[in-house]
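What follows is each chain in one-letter form.
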There are 4 protein chains.
Amino acid sequence: MTETAVKDIKELKVHGRTTICREPLTLFWTASGFECNVSGSELWVEVEVTYDTYEPWFSYTVNGDWIGRQMLLKGRYWIPLFRGMNPDKIKNVRFYKDLQAMSDDGSSYIHIHALRHDGSFYPVEDKKLRIEFIGDSITSGEGLFGAKEEEDWIPMFFSSLRDYAYLTAKELDADYRVFSQSGWGVYNTWDNNRKGAIPKYYKEICSLMPGEENERLGGKQPHDFSKWQPDIVVINLGTNDAASFDQPEWVDEKTGERHKMRKNPDGSYCEDDIAAFEHAVVDFLYTLRECNPKAHMIWCYGMLGIPFQMPILEGISMYRKESKDSGVSYLQLPNVNDMSVGSRQHPGALCHKQAAEVLVDYIRQLV
Amino acid sequence: MTETAVKDIKELKVHGRTTICREPLTLFWTASGFECNVSGSELWVEVEVTYDTYEPWFSYTVNGDWIGRQMLLKGRYWIPLFRGMNPDKIKNVRFYKDLQAMSDDGSSYIHIHALRHDGSFYPVEDKKLRIEFIGDSITSGEGLFGAKEEEDWIPMFFSSLRDYAYLTAKELDADYRVFSQSGWGVYNTWDNNRKGAIPKYYKEICSLMPGEENERLGGKQPHDFSKWQPDIVVINLGTNDAASFDQPEWVDEKTGERHKMRKNPDGSYCEDDIAAFEHAVVDFLYTLRECNPKAHMIWCYGMLGIPFQMPILEGISMYRKESKDSGVSYLQLPNVNDMSVGSRQHPGALCHKQAAEVLVDYIRQLV
Amino acid sequence: MTETAVKDIKELKVHGRTTICREPLTLFWTASGFECNVSGSELWVEVEVTYDTYEPWFSYTVNGDWIGRQMLLKGRYWIPLFRGMNPDKIKNVRFYKDLQAMSDDGSSYIHIHALRHDGSFYPVEDKKLRIEFIGDSITSGEGLFGAKEEEDWIPMFFSSLRDYAYLTAKELDADYRVFSQSGWGVYNTWDNNRKGAIPKYYKEICSLMPGEENERLGGKQPHDFSKWQPDIVVINLGTNDAASFDQPEWVDEKTGERHKMRKNPDGSYCEDDIAAFEHAVVDFLYTLRECNPKAHMIWCYGMLGIPFQMPILEGISMYRKESKDSGVSYLQLPNVNDMSVGSRQHPGALCHKQAAEVLVDYIRQLV
Amino acid sequence: MTETAVKDIKELKVHGRTTICREPLTLFWTASGFECNVSGSELWVEVEVTYDTYEPWFSYTVNGDWIGRQMLLKGRYWIPLFRGMNPDKIKNVRFYKDLQAMSDDGSSYIHIHALRHDGSFYPVEDKKLRIEFIGDSITSGEGLFGAKEEEDWIPMFFSSLRDYAYLTAKELDADYRVFSQSGWGVYNTWDNNRKGAIPKYYKEICSLMPGEENERLGGKQPHDFSKWQPDIVVINLGTNDAASFDQPEWVDEKTGERHKMRKNPDGSYCEDDIAAFEHAVVDFLYTLRECNPKAHMIWCYGMLGIPFQMPILEGISMYRKESKDSGVSYLQLPNVNDMSVGSRQHPGALCHKQAAEVLVDYIRQLV
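Report follows, based on the coordinates. Residue numbering note: each chain is counted from 1, following its sequence as written. Starting at A for chains and at 1 for ligands, labels are handed out in the order in which the entities are written. The model is predicted, so local features are restricted to residues of pLDDT at least 70 and side-chain atom pairs to those at 80 or more, both for listing and for counting; the totals for chains, interfaces and linings are taken over all residues. Just so you know, side-chain values use all the structure's heavy atoms and leave hydrogens and water out.

Turning next to the overall build of chain A. A count of helical and extended segments in chain A gives 6 helices and 18 strands. This radius of gyration counts C-alpha atoms alone. The globule rule is 2.2 Å times how many residues there are, raised to the power 0.38. Against the 2.2 N^0.38 benchmark of 21 Å for 367 residues, chain A shows a C-alpha radius of gyration of 21 Å, consistent with a compact globule. The C-alpha extent of chain A, read off along each of the three principal axes, is 70 × 45 × 40 Å. Each residue is placed in one exposure class: buried if its accessible area under a 1.4 Å probe, protein chains only, is under 20% of its type's maximum, exposed if it is over 50%, and partly exposed if it falls in between. For chain A, the residues scored as buried account for 65% of the 367 residues in total. Taking as baseline every contact in chain A between residues at least 6 positions apart, the subset at least 24 positions apart corresponds to 75%. Numbering of helices and strands runs from the N terminus; a helix is a DSSP stretch of H or I covering at least four residues, while a strand is a stretch of E covering at least two. It only takes one pair of heavy atoms within 4.5 Å for two residues to be counted as in contact.

This is the structure:
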């Protein structure tokens, strides 16, 4: 058995936005991880795990089929991925961070140090199609594990391996990345916090993680978009912006700053606030286009209903008219129902499967 | 056995837009017909059928379940609907015109003269929900019968009993009407004929049927909207408008008039023509609102793909802004695929079923 | 338009057991009928229909897809099957008797006299696989039409086009015949009538139809098995034999003869009566083997539960041991449930579809 | 956080056949494990794991929903099951051994020593229905993990949480136990080894595990059937007996003993060998009846085809006649196909789901 540091495995393919550091490789985002083609009978991974409140979980596949999923304890240690396999065959192994970048816990990270094995590594080819998924809890796979009655907001109920992003990429044989945060929106969070606006963090590697540890790890550095240009950018946002109209005002405890998306006395949306949201959509599309010059952008919406569809459509329409950029479209995804709901009132595995089918069908028409 | 003229059966419920005449009752539209609750062992219907080219078909249900479907010959004659049933039970019978109002054959009509029976008639209650479906060939049920390879444009391949309108109304326990014409759009037909614009005919009973016979039957009279106000208006149009951009110019043989929706050399839509379409959407929504003051309007699209989604959305958005009317929304329906296609490259029974599920789910949220 | 007598259309393919007479062609059994390949724009069929109580129905397909279904009135008349089709294409048309040979109505027949057309006839190839289905109401398609609450035992609720026999043959691209009678069994009927034993009638064309008319038509003549040898014989019997143990004694009003399958006081089956049933199974298998020397025989059971499975299995086992004939096997079919039930507490379309899938899978392993 | 030894948690429910020892609790069989109802925010389990070749895996559920699955390393250590949950709510946790008793590795065991927690334990009620599943690789869940192309016979591809036994018990809300061994049969193994006959080991706790360690752990002690009497015994055996007719002779390397189930030159089964199998079925049914006096026994077969159905049916029939015991029946389960296959040419998750549906439907009719 040989132990090889990640930096020395040139055949290792890294998934997800991260820094150039490989001593160790740091995993920030949902579905980030590594992939390798390896011979030998056995494979282990050396992880280093930190967190204060929200422990990370991981899942992994062997030859494309889901094998295991477990909670990660603090510390640096070895985890077995397979053993007893035919040593001559080359196995494809993919390690997935099951938990999103956790903006509420500045210490929550998985670092990959090394692999222990008795075989050799072989190159992993890049897929012909690349997709980036930008979203909220739905795209973070919240609610894909756990019984329907579960209400705890904990890592155990997040997963990267049953969600529509994984399923879409698998069906289309695409490489993919996820950029998502539960509860966040285009303009503010579900509870009216303007800091929780996805667009504010899009240009850095992972700047929504707070604190010095993220600084040290490089998460706040600019992201080099030239290294991985997606063909398709899927934006699945708006659900939390909609919710904020029905939530109390946000008050920043330190600054006293306040914010609230308002409804009129008759229950309709306040026009100024809708306008603010729509401009946020427009601005985000400009940002996305700047960073991804050739990508087709698909704004998706609907897995938790379509009550906020018109403001999203207005934003897209405004951007298209202003920019003369026809490379953005809108796609409604299937609504969750009693049969397809998961835990925490979120879309479950069946709803994600249905959403992936619609998205796959649509992307096939584009490419 | 008793023969009772339609005019004398006060319990008979008439479905679909028609005139006040009951000697006989004339059926114009897809899914128009009659419904009765009747005891006795046997029931026959006396029809009078006319056509030049396109013969009508009908289907019927007994107690809500589809029993028969047949081509109708010219002439006035009796057709048996059931016999040998338990005479004491009350049966619900619904007669459906399977064929759309056929604008290409000014003689194509079904008239209902009388019922022959050995029981009594009982009132048919009105449903609590009313839906009007406005559309093109999809809403006329084209392609719901016939093998996939069929290409003939004939009545045999149209049906009112497998389409999303029927399925949606059945699931929601709603009364419904259909206003549809194969090949037509909001602004022009699939082949650029501006006469084939659904909005031009919406205010009359059935003014798109040509000729003197329609005049005589009263199809060109104004429709009295006050008699049947829908709660929901579903508009499923745009597919043919989109197609017209790829079709040759329309030339009116008599007047020499010409019309064509144009594309730019780079393949994009000509802005002026798109603007004309969008204004047609806006105008139609005003018309619909005028005629149906309290209805929620749902513009549906997508059963044959969503390439023309943005212009539809623009039109809806313009109307909402101008009118301050929030009672219109947009709903994407499931796209047809290899599994769900019917004959004549049209959505098949599975696609209509999937569309009905999405529409039912959405309408349930509204009402 | 030309009218051609059936006897003069040498390309016409006749389905189902019948006599050699073609002036007219008489249809006895469920799914019997004719098939033709024909060019031209239009096709009509001239039928002659008789009945006292139970009127026949028919269905037909064009190019393999179900087009129409209707009740047949008494008399001799023309029925249109298609019109307006592309005259140059050859259409495959198949006419199906929807109703079983009706042993309760000695006058219930469809006769086919002629076809009216404006094209030419072309040969219909024989399929490579031939299947005979022998059964009771399930195989007669009882309950495949009509709402779940229907209880009338009338022709309207029988159909040959949604049943597992049709679906199995279609999926396997096989020619098939149906020999079935509602309420009948291997040894007696559901209500203990020993005349209602399918095996007693197997060797004649259609000897279970009573009366002089059947005599005249030739139904009581020996069937010439050499003309159509099946590769597979499916026997779906036993459900009514099982039911008879729970039904009152049968008393023949004329002869005073009595019969009853008995249960012991503890609810178990009377051994002598079970033995009688089992011997009837054995005898029937000998008969089937004699008539169909090369066929594989599949005894199917289960669409209405499997409470009587062991006696059937005993019978099969006894036959196999005695005869050393391994060409018979047993296949359990899917049980009906709340979702898959049709009218009259019979298996509905979904249950028949599931049964066909199991049978197709099994036959594919045999051939 | 408190650490409580298993022996001190009187509310802990133990699943699966095992000894009375609780210091520690030893897990022998597939799906054996423990279940607890516990409050508090966090739960850990202390395991002690041993093996030479085949490492055990485990899965666990929280509130009935599958949460994690992982390979178990050698040694004694703590594994976290959940953390961060609402401490006031009572969580139901079930730990499942994913791997069968591994007759090829006399050291492969999981022992449960203690639980670490910050809440209290509450009683776990017994279910009203109890089912024992006896089987081979299918019942051991072989092939339920892993890509279709996998061929390695390793623990990673076995699972207790996707198999028909788990699904059946879950749907029926039943307690259940599994007694199974991959490759084994009623009379001999797939490769003609007569030691691999399930009936030989049925009366002891787990006597098929070899070696001194099993002796020490008590696996060879008689099983006390009085403590847990099933209502239903499902026997899913015969697949390997059938296979052995097509495999080479077994030669015992030590004793030189030889055995082979033979086919005749014409491909039919050798009658003597079939008779031996059938008698083994009869004998096993007597044994099962002796141990489970009140249980209904269901012999299931068919997930890998039904080529060997008749010998199984003969055996059941012989037993029923000899014993006058009508408490045994036969049930055919759905056959695997291209869509439902898993890894190692075994039934996959879909096939197990379909099998569970059939079995649930049948058991509901019995109880």
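Resuming the write-up.
Now for the relation of the copies chain D and chain C. Least squares is the method used to superpose the copies, on C-alpha atoms of residues holding a pLDDT of at least 70 in both. When chain D is fitted to chain C, the best match, at an RMSD of 0.0 Å, comes from turning it 180° and sliding it 0.0 Å along the axis. Read as a symmetry element, the transformation amounts to a two-fold axis. Closest approach to the rotation axis within chain D is made by the C-alpha atom of Gln332(D), at a distance of 3.0 Å.

Residue and element names in this part refer to chain A. Residue Pro24 is reached from Glu23 by a cis peptide bond, and omega for that bond is 5°. Following the sequence through the fold, Pro24 ends up in the loop between β2 (13-15) and β3 (25-27). Of note, Lys324 is a non-glycine position whose phi angle comes to about 55°, a positive value. Counting through the fold element by element, Lys324 comes out in the loop between α5 (309-323) and β18 (328-332).

On to helix α1 (residues 164-172) of chain B. Residue and element names in this part refer to chain B. Those residues of α1 lying buried are Tyr164, Ala165, Tyr166, Thr168, Ala169 and Leu172. If you follow the buried residues of α1, they end up packed against β6 (57-62), β9 (91-97), β12 (129-135), β13 (174-180), β14 (232-236) and α6 (349-366). In the stretch just after α1, Asp173 is the one whose phi turns positive, near 55°.

With that out of the way, let us pick up the packing of helix α5 (residues 309-323) of chain C against helix α5 (residues 309-323) of chain D. All axes are obtained by fitting lines to C-alpha atoms, using only the stretch in contact for helices, and the reported angles, taken between N-to-C directions, cover 0 to 180 degrees. Where α5(C) meets α5(D), the axes come as close as 10 Å, and the angle between the chain directions of the two elements is 110°. The angle between α5(C) and α5(D) falls in the class roughly perpendicular. Note that α5(C) runs across α5(D); the crossing there is left-handed. Counting all contacts with α5(C), which are made through Met310(C), Leu313(C), Glu314(C), Ile316(C), Ser317(C), Arg320(C) and Lys321(C), the residues of α5(D) involved are Met310(D), Leu313(D), Glu314(D), Ile316(D), Ser317(D), Arg320(D) and Lys321(D). When residues are grouped by polarity, Ala, Val, Leu, Ile, Met, Phe, Trp, Tyr, Cys and Pro land in nonpolar, Asp, Glu, Lys and Arg in charged, and all others, Gly among them, in polar. Considering only residue class, the contact of α5(C) with α5(D) consists of 6 nonpolar, 2 polar and 6 charged. Here the word oblique covers every angle except those under 35 degrees (roughly parallel), over 145 (roughly antiparallel) and from 65 to 115 (roughly perpendicular). Handedness of a crossing follows from how the near helix is turned relative to the far one, being left-handed for an anticlockwise turn of less than a right angle and right-handed for a clockwise one.

You can see Pro80(D) is positioned in strand β8 (residues 75-82). Along the backbone, Pro80(D) and Met1(D) are 79 residues apart, and their C-alpha atoms lie at a distance of 13 Å. Contacts of Pro80(D), omitting those with residues within four sequence positions, involve Met71(A), Leu73(A), Leu43(D), Trp44(D) and Tyr60(D).

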